[in-house]
Amino acid sequence: MANEDLWILGINMTKFGKHPDKDVVDLAAEAAMAALADGGVTMADMGVLAAGNLMGAAAGVGQQLQKQIGQTGIPVFNVANACATGATAIRTVIMAIKAGECEMGLAVGVEKLSGAGMLGAGMGVAASDTWTPSGRFGAVSSLEGKTGTDMMPGVFAQVGMEYGHKYGGTSFELFARISEKNHRNSTLNPLAAIQKDMSLEQIMNEPMIAYPNTRAMCSANSDGAAAAVIVSGEKLRTLSAEQQKRAVKISASVLTSDPYEEGCQILPNVNTLTRMAAKQAYELAGIGPEDLDLVELHDCFATAELVHYDNLMLCPEGGAVDFFNSGATWRDGSTPVNVSGGLESKGHPIAATGIANIWEICHHLRGEAGPRQIEGAKVGLAHVIGLGSACGVHILEKSGL
Amino acid sequence: MSNQIPLVEYLVLGDAPHLVANECTACGARYFDRRNACASCFGTSFASVDIATEGEVRAFTIVTPWMPGTAPYVPAVVDCGGTSVRGNVVNTTPDAEHITLGMKVRLTTVPFGADTAGTEAIGYGFEPIN
């Protein structure tokens, strides 16, 4: 049982963007009910529910969702793991099935973020009329902006710059061209929050948020949800031929945190844990990066996409700039990356992202991606990273059933 | 000088301002915060060590503040003799012509204002050498 493959039976994402007339539970319900319908099953078939809503992590979105779509008494795991929350919900359901606790489960991620601005908290220090050291750094004031930044745009800008320092070849224009690719891709994705083809010049002339990332090179805060029904191989074989044919094989599901390395508590290290997750995933799947027909990776900022080419071993170590310049990651390249438009244009409703990336891959493997279909796609990889840090990597394969 | 307080406890003021780290006595990993144990080797014994005051910019960004009229600032990671330190690059124009990867910098102090008792908070930054 433990070594048997698990499958995605049904999966769905809502349109990402602004949903002023829907609350978190509405969005979660929309994605969950559509994922159940897509899999041809109901809440009565689910043995476990894992749900994530990062901004409302204490509110128990899983039970709120059950109260709208079906209370069957199954265990609920409300998960929170930064931007990897959705992948963590999927991973939780997978572990429950692998442990033999149940044969089918539902993972849901949902967020309402439109208009939230820049994310990432500085050190909270209570205001006082005399300087009083507090917290782990004995700080007399909030440190945000005073000893660097914890805000996401600044952190991920430095991540890209650090790569440039180590290997050379990066520039403002290079990062902007990555963004140009993703914005171009979004024009084919009706579920993207922003569907706007932007020229390199337009992208570079957008307001600078944190050099070298302009506004167009930052992920779009948006509302949205995504959900997936996961099933054991044994159970899948009892279902209809149509369900088996549309099911997508989960060849690897890996979640990591960042191992200690010099400097990792100074600037979050998004490299070590991604490389570690990718290595484990390739081994588990018996698949190499050269076998991938498409990749959805966590381009929370244009600078992040570049380093993950390397971390996911899509290119030789240190070769991400040459890899991008070769055209490999464009739609018609050897390893299309973020054909959905990526977080920069599709949007980034945090807890939904780690399931929506998997939905995009499944859409192509099932041959249902319409105008943006990557022809003949058989294998894909979905990657997310949350600062703190958590990394989820899933390798998915087209059904041979 | 007596009416000053460091912005963070790992900054030592005085004639030769510098940073201090908690160094794990077992594996040498260095931290700037209060520790429960070492994240690298799980050891629980630490010694205070002075950090080199000169270093090289390994990564930086130039953050445009939301508030109109406030100046951009330059968060950076500085390699100070093999120890990574975070701080802003200061005392230079905050643009990509003046801040470059690999540039040499040295620690300097930055005032952050006085409290109601007249005590001035002093932080740090890194300024270009030359």
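Located above this text is the structure these notes cover.
Let us look at the structure shown here. (Residues numbered from 1 in each chain as written. Chains lettered and ligands numbered in written order. Predicted model: local features only at pLDDT ≥ 70, side-chain atom pairs only at ≥ 80, totals over all residues. Heavy atoms only, no water.)

## Observations regarding the overall build of chain A
What counts here: By the criteria applied, helices consist of DSSP H or I runs no shorter than four residues and strands consist of E runs no shorter than two, each listed in order from the N terminus. Radius of gyration here is computed from C-alpha atoms only, and the compact-globule reference equals 2.2 Å multiplied by the residue count raised to the power 0.38. To sort residues, take the accessible area from a 1.4 Å probe on protein chains only and compare it with the maximum for the residue type: under 20% means buried, over 50% means exposed, and anything in between is partly exposed. Each accessible area is a Shrake-Rupley estimate made with a 1.4 Å probe; only the visible protein chains count as cover when residues are assessed. For the purpose of counting charges, residues Lys and Arg are taken to be positive, whereas Asp and Glu are taken to be negative. His and the chain ends are not included. By convention, charge coordinates are those of NZ in Lys, CZ in Arg, CG in Asp, or CD in Glu.
Looking only at helices and strands, chain A features 13 helices and 11 strands. In summary, chain A has a C-alpha radius of gyration of 20 Å against a globular reference of 21 Å for 401 residues, a match within 12%. With the C-alpha coordinates aligned to their principal axes, the bounding extent of chain A is approximately 65 × 55 × 40 Å. Burial statistics for chain A: of 401 residues in total, 62% are counted as buried. Summing over all exposed atoms, chain A offers an accessible surface of approximately 14000 Å²; the carbon and sulfur share of this is 51%. Each charge class in chain A was averaged separately, 28 positive and 42 negative side chains, and the resulting centres sit 4 Å apart.

## Considerations on the overall build of chain B
Spelled out, the test is: Contacts are residue-level and defined by heavy atoms, with any inter-residue pair within 4.5 Å sufficient.
Along chain B, the regular secondary structure elements total 0 helices and 11 strands. Looking at chain B residue by residue over its 130 residues, the buried ones come to 43%. Long-range contacts, defined here as pairs at least 24 residues apart, represent 45% of the contacts in chain B between residues at least 6 apart. Summing over all exposed atoms, chain B offers an accessible surface of approximately 6200 Å²; the carbon and sulfur share of this is 51%.

## Some details on the interface of chain B and chain A
Selection rule: Buried surface area refers to the total accessible area, computed with a probe of radius 1.4 Å, that the two partners give up upon joining, counted for both partners together. Think of a salt bridge as a Lys or Arg side-chain nitrogen and an Asp or Glu carboxyl oxygen that are within 4 Å of each other. Classes in brief: Ala, Val, Leu, Ile, Met, Phe, Trp, Tyr, Cys and Pro nonpolar; Asp, Glu, Lys and Arg charged; the others, Gly included, polar. A strand pair is defined by DSSP finding two or more bridges across the two strands.
Every contact between the two is made by 50 residues of chain B and, on the other side, 37 residues of chain A. At the boundary of chain B with chain A, total buried surface from both sides reaches about 3800 Å², with 58% on carbon and sulfur atoms. Together, Leu7(B), Arg58(B) and Arg86(B) form the three largest contributors to the area buried by chain B at its contact with chain A, with a combined 18%. The tally of links between chain B and chain A comes to 2 salt bridges. The shortest N-O distance in the salt bridge between Glu162(A) and Arg58(B) comes to 2.9 Å. Counting only elements with at least two residues in the side of chain B that touches chain A, the list comes to strand S1 (4-6), strand S4 (30-31), strand S6 (54-60), strand S7 (62-63), strand S8 (75-80), strand S9 (83-88), strand S10 (104-114) and strand S11 (120-128) of chain B. Residue contributions to the side of chain B that touches chain A peak at 6 residues, all from S9(B). Across the side of chain B that touches chain A, the residue classes tally to 27 nonpolar, 13 polar and 10 charged. Inspection of the sheet shows strand S5 (residues 208-211) of chain A paired to S7(B) by 2 bridges, in the antiparallel sense. Note on S7(B): the bridge partner recorded for Tyr211(A) is Ile62(B).

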